[in-house]
Amino acid sequence: MINTLLPNPTDPRLSRTVEGVDENGQSKAISVIEERPLTIYLNSQEIVTAMTIGDHPEYLALGFLLNQGMLGKADQVTGIDFDEELEVVVVRTAGTTNVEDKLEKKTRTSGCAVGTVFGDMMAGLDGLQLPDTPVHTSTFYDLSYQINHTPSLYMETGAIHGTALCQGLEVLAYMEDVGRHNAVDKIAGWMRLNEVSAADKVLYTTGRLTSEMVIKTALMGIPTLISRSGFTAWGVDIAQQVGLTLIGRMRGKKFTCLSGQHRLVYDQDLSQIPDDDKKMRRKGAQHD
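Residues numbered from 1 in each chain as written. Predicted model: local features only at pLDDT ≥ 70, side-chain atom pairs only at ≥ 80, totals over all residues. Heavy atoms only, no water.

## Focus on the nonpolar core
Definition in use: Put simply, a nonpolar core is a bunch of buried Ala, Val, Leu, Ile, Met, Phe, Trp, Tyr and Cys residues held in one set by side-chain atoms that sit within 4.5 Å of each other. Under the scheme applied here, a residue whose accessible area is under 20% of the maximum for its type counts as buried, over 50% as exposed, and between as partly exposed, the area being computed with a 1.4 Å probe on protein chains only. By definition, any uninterrupted DSSP run of H or I lasting at least four residues is a helix, any uninterrupted run of E lasting at least two residues is a strand, and each is numbered from the N terminus. In what follows, residue pairs with any heavy atoms lying within 4.5 Å of each other are defined as contacts.
Ranked by internal contacts, the top residues of the largest apolar core, which has 31 residues, are Leu165, Ile187, Trp190, Met191, Leu244 and Leu246. Breaking this core down by element, the ones donating at least two residues are strand 11 (170-177), helix 5 (180-194), helix 6 (211-219) and helix 7 (233-242). Of the residues forming this core, the biggest block, six residues, is contributed by helix 5. With residues near it in sequence (within four places) discarded, Leu246 still touches Leu209, Val214, Leu225, Phe231, Gly235, Val236, Ala239, Thr256, Cys257, Leu258 and Ser259. Residues Tyr141, Cys166, Ile226 and Ile273 belong to the second largest nonpolar core, which totals 18 residues.

## Structural notes on the sheet that holds strand 3 (residues 36-42)
Pairing between the strands of a sheet is mediated by backbone hydrogen bonds and can be parallel or antiparallel. Let me state the cut-off plainly: DSSP calls a pair of strands paired once it identifies at least 2 bridges connecting them. In this analysis, axes come from line fits to C-alpha atoms, helices being fitted only over the stretch in contact, and the angle between any two N-to-C directions falls in the range 0 to 180 degrees.
Taken together, the four strands give an open sheet; going across it, the order is 4-3-6-5, and neighbouring strands pair in mixed fashion. Single-partner strands in this sheet number two, and they are strand 4 (45-52) and strand 5 (77-83). Strand-to-strand twist in this sheet, taken as the mean axis angle between neighbours without regard to direction, amounts to 20°. Sheet topology note: the strand 3/strand 6 (residues 88-93) ladder contains four bridges and is parallel. Opposite Leu42, over in strand 6, you have Val91 as the bridge partner. Running at roughly 55° to strand 3, helix 1 (residues 57-67) makes contact with strand 3, strand 4, strand 5 and strand 6 of the sheet.

## Some remarks on the pairing of strand 4
Where strand 3 and strand 4 come together, seven bridges link them in antiparallel fashion. Looking across to strand 4, one finds that Tyr41 is bridged to Glu46. Connecting the antiparallel pair strand 3 and strand 4 is a turn made up of two residues, with Asn43 showing a positive phi of about 55°.

## Remarks on the sheet that holds strand 13 (residues 224-227)
In spatial order, the strands read 11-10-12-13-14-15; together these six strands make up an open sheet with mixed pairing. Both edges of this open sheet fall to strand 11 and strand 15 (254-259), since each of them pairs with a single strand only. For this sheet the average axis-to-axis angle between neighbouring strands, irrespective of direction, equals 20°. The pairing of strand 12 (residues 202-205) with strand 13 spans four bridges and is classified as parallel. Paired with Thr205 across the two strands is Ser227, which belongs to strand 13. Contacting strand 12, strand 13 and strand 14 (245-251), helix 6 crosses the sheet at an angle of about 145° to strand 13.

## Regarding the packing of helix 6 against helix 7
For any two helices packed against each other, the geometry is given by the interaxial angle and the distance between the axes. Filter applied, for reference: The scheme is simple: roughly parallel for angles under 35 degrees, roughly antiparallel for over 145, roughly perpendicular for 65 to 115, oblique for anything else. The nonpolar class holds Ala, Val, Leu, Ile, Met, Phe, Trp, Tyr, Cys and Pro. Asp, Glu, Lys and Arg form the charged class, and all remaining residues, Gly among them, are polar.
Look at helix 6 against helix 7: their axes get within 7 Å of each other, and the N-to-C directions meet at 25°. Taken together, the axes of helix 6 and helix 7 are roughly parallel relative to one another. For the pair helix 6 and helix 7, contact is made by Ser211, Val214, Ile215 and Ala218 and by Trp234, Gly235, Ile238, Ala239 and Val242, respectively. Here the residues of the contact of helix 6 with helix 7 sort into seven nonpolar, two polar and no charged.

## Here's the deal with the confidence of the model for the protein
The criterion, for reference: pLDDT is defined as a per-residue confidence score from the predictor, taking values between 0 and 100.
In the predicted model, the protein carries a mean pLDDT of 86, and 87% of its residues have values of at least 70. Here residues 282-288 is a poorly scored stretch, pLDDT under 50, and it has 26 contacts once near neighbours within four places are set aside; other chains count.

## Some details on the environment of Thr137
Within the element layout of this structure, Thr137 appears in helix 3 (residues 137-148). Overall, Thr137 belongs to the buried group, its relative accessible area being 3%. Those residues in contact with Thr137 that sit more than four places away from it in its chain are Phe255, Val265, Tyr266, Asp267 and Gln268.

## Overview of the pattern of salt bridges
Condition: Only one rule defines a salt bridge in this text: a Lys or Arg side-chain nitrogen within 4 Å of an Asp or Glu carboxyl oxygen.
Tallying each qualifying case throughout the model produces nine salt bridges. The partner of Arg13 in a salt bridge is Asp11, and the shortest N-O contact between them spans 2.8 Å. One salt bridge connects Asp132 with Arg263, and the closest N-O pair in it is separated by 3.6 Å. Of this pair, Asp132 sits in the loop between strand 8 (116-118) and strand 9 (135-136) while Arg263 sits in the loop between strand 15 and strand 16 (264-265), placing them 131 residues apart in sequence. Here Asp132 falls in the exposed class, since its relative accessible area comes to 55%. Accessibility expressed as a relative area gives 2% for Arg263, which makes it buried. Taken together, the shared-partner salt bridges connect Asp55, Asp177 and Lys186 into one network.

## As for the pairing of strand 2 (residues 27-33)
Taken together, the seven bridges between strand 1 (residues 15-21) and strand 2 define a ladder with antiparallel strand orientation. Note that in strand 2 the partner of Val21 across the bridge is Ser27.

Here is the structure:
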C-alpha cells in the first residue's frame, strides 16, 4: 500500500523567519520560503540547474527527465543519488539515453523559476490517446475543499505553487515548489518510483494552465487537469488536440471546462455548495 504524501510546512529547511516592518512602521516577522539550486545529472551528463525549495530532490529529478522525454518507459533507472552538500542529484540508468539529441534543442518556457523544456515541446503527443475515464463533478468540490484545508507551505509563506495527484475523493500526493512545473515533475517522479498508474487520476494545480502544464499532464497519461487559475490559449489548443479534460477558474461553485467535456458527469447539486471562502483561497484564486 502506498502512503499518502502531503506537504510538511514544519520542515525547518524549507522556510525561515525574516524581520521587517509593516505599513504602520511596526516590527513584523514573517515566514518566507527558501529557494536553492538543484543540479540534475543523467548518468554523467549535466542536464540543468533548477531553482527549487529543496524537498524531494529525487522525485523532482526523475520527474523532470521523464516529462522532458529524456527518459522513456523502457529506460531502466538503476539508482538516484542525491548529494545535499553539493546540491546535485544524479539519475542513473542501465543503458545510454538520447540526452545528446535533446540537448541540441533548448527553449525557455513561461514557467516560474527555471522552466526549461528540451527538444520539441510537442514530442510524444502525436498519436497520444488519453483514457476516457469519466470524472464526476461532485469530486471537484470535495477535492478543492481538501486541498485548500491541507496544512501547507503556501498557507505559511505564500510565494509557492501546489499540485496534487488525486484518485476519486482521495489526494494521493500533494507537492509544492516555487515553480508549478517543479511540483508537477515531483508528482511524475513519485508516480514512477511507486508504480502508480495514471488512467484514473486527476491532477489539481494552483498554477495557470499553460502549454507546459498541459503537455506534462498529457505525457504522464493523466486525462484530467484542474486549476483554480486561468488558461493560456496555447494550453487550451494542446488540450483539445490530445483530448485532455481541462478545467480552470474552479472557485466556489464555478468552473470552466474548455476541453474534454465528454468525460464530465454532472452529479453535483450546486445549491449544496457554499460560496468560496476568501480566507482559504490559494494563489490561483487571486490572479490568473
